[in-house]
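Residue-level listing of the chains:
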Amino acid sequence: MDLMEKNLELVEIQKLEGHTDRVWSVAWNPVSSHADGVSPILASCSGDNTVRIWEQSSLSRSWTCKTVLEETHTRTVRSCAWSPSGELLATASFDGTTGIWKNYGSDFECIATLEGHENEVKSVSWNASGSYLATCSRDKSVWIWEVLEGNEYECAAVLSEHTQDVKMVQWHPTMDVLFSCSYDDTIKVWWSQDCDGEFECVQTLGESNNGHSSTVWAISFNATGDKMVTCSDDRTLKIWGTDIARMQSGEEYVPWSHLCTLSGYHDRTIYSAHWSRDDIIASGAGDDAIRLFVDSHDSVDGLSYNLLLKKNKAHDNDVNCVQWSRGEGDRLLASASDDGMVKIWQVATKP
Amino acid sequence: MVSGLINENPIIYPKKERRLRTDSSNTDEFTPEPIDQLEIFDHIRDIKDPEHPNTLEDLRVVTEDSVEVDDDNSYVRVTFTPTMEHCSMATIIGLCVRVKLLRSLPARYKIDIRVAPGSHATEDAVNKQLNDKERVAAALENPNLVEMVDECLLPSAE
């Protein structure tokens, strides 16, 4: 059924208080959701130098802070990412290091600290199998780390082709292809021909490819990995696509191309965009609002998107991150803001 | 003689007389007055230039007209004019203005800072840095930079 026909709204389930400074990012643990029979777990990271782990009680259905990961990072923790197994949490900090924390159930322990970047680390991402980790920094480089036995991490590549601060790295959902986006207004694609760990930049999506005209803040893939959405300081969202079947079967890199630009919807910088499993794109922006977009299925002239709904004043300040939960069908969205709050939302039909 | 200052002889403008506020149209003491251009200018006029013992107002780096405010939409834009085209202090000045406004205005305010078009050689680069809040946040975690900014924001002892 076409989502546009349903009368949908974004309902605030709970406001999670605790951080004492702006919250930059949130990340859902991939192996815990109602569908798995395990309570959903969410990590949030902040300008207060800590990471908070939130869990939903199966009895009361309310969220509480289970643990605070502190006294490790000495500056803002900018982003965090769970490993595919859900056992590890990587944290990227302005202190120049990336922490690796092991989840021991009720407690977390920092089992490794990755050093090397010259200044603030902005983002961290695990590949689909958990064998690689990528980080990026204001030092303009993207690092790829190999995950070895015994909590060992080895730097496999230092990729220095961006000309400015790199804001986010994101591995493709199914293939070992890495994407990065930057203050230099471009998105770069990194690929290893022989899967031998020798990564190189095989594509740059810039203004000449219908790309962004200002800093690109985030990248998110759809579930099948044949499309991605990017968001920017230029106040647009852009949808890109590739022939994923050809890419997965062949030896050759298949380039990405611009499919669609969503402009005129946002009044301030868009800091985050996330593509849900059931094809809803959420955006978080500097105008304190959360917006949801869906494919219009109006395929006369190619791909086009419609605004499904706009939640004004979702927070009291900029929305820095929006993340759909991993569970099938529960349509839960978490958001992080400069107002110091994390909020849990649900997409529901209006009564 | 090498003094090391970027602009050794800045033009110092005569001090403008400060207008007293006599707006008596709003007699309800509990309704907040809308924030206007003069109020915001009052927050930034006395910021000290990082290099000279003069204020941004003295040097005409900011004027009342350089402030554009829309209180209904909680928006302000400050356009400042560095004393010299190649002034490398431009980002520091912009940062000082942003920090002062962040500390003085209600949290609902969206603040844009830019250099006056045509007044600086690397205008776009300066504007981009000043309006990237992640870069600003990281810069403000640098104790040396914070010290410099706080110096500029200290009220002068006159």
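The preceding data block contains the structure.
Below you will find a few notes about this structure. Remember, it's a predicted structure, so these values are computed and weren't measured experimentally. (Residues numbered from 1 in each chain as written. Chains lettered and ligands numbered in written order. Predicted model: local features only at pLDDT ≥ 70, side-chain atom pairs only at ≥ 80, totals over all residues. Heavy atoms only, no water.)

## Some points on the overall build of chain B
Within chain B, the regular secondary structure consists of five helices and three strands. Walking chain B from its N terminus toward its C terminus, one meets helices and strands in the order α-β-β-α-β-α-α-α. Across chain B, the fraction of contacts at a sequence separation of at least 24, relative to all contacts at a separation of at least 6, is 65%. Roughly 9,100 Å² of accessible area belongs to chain B as shown, and the carbon and sulfur atoms make up 52% of that amount. (Helix = DSSP H or I, 4+ residues; strand = E, 2+ residues; numbered from the N terminus. Contact = heavy atoms within 4.5 Å. Areas by Shrake-Rupley, 256 points an atom, 1.4 Å probe, with all protein chains shown as cover.)

## With respect to the pattern of salt bridges
Counted under the stated rule, the structure contains 28 salt bridges over all chains. Here Lys227(A) ties to Asp226(A) by a salt bridge, and the two come within 3.7 Å at their closest N and O atoms. With its nearest N and O atoms 2.6 Å apart, the salt bridge here joins Lys110(B) to Asp318(A). With Lys110(B) in strand E3 (residues 110-115) and Asp318(A) in the loop between strand E25 (305-311) and strand E26 (319-324), this pair bridges two chains. Note on accessibility: Lys110(B) and Asp318(A) belong to one class, buried. Among the ionic contacts, a cluster of salt bridges with common partners joins Arg22(A), Asp288(A), Lys313(A), Asp318(A), Asp338(A), Lys110(B) and Lys133(B). (Salt bridge = Lys/Arg side-chain N within 4 Å of Asp/Glu carboxyl O. Buried < 20%, exposed > 50% of the residue type's maximum accessible area, 1.4 Å probe, protein only.)

## Considerations on the interface of chain A and chain B
On the side of chain B, 15 residues touch chain A, which itself brings 25 residues to the contact. Sorting the residues of chain A by area buried against chain B places Arg75(A), Tyr183(A) and Arg268(A) first, and these three jointly supply 35% of that buried surface. Run the count over chain A and chain B and you get twelve salt bridges. For Lys133(B), the salt bridge identified is with Asp318(A), shortest N-O distance 2.9 Å. There are 20 residue pairs in polar contact (both at pLDDT 80 or more) connecting chain A and chain B. (Buried area = accessible area lost by both parts, 1.4 Å probe. Polar contact = N/O pair within 3.5 Å; in protein donor to acceptor, adjacent residues only side chain to side chain.)

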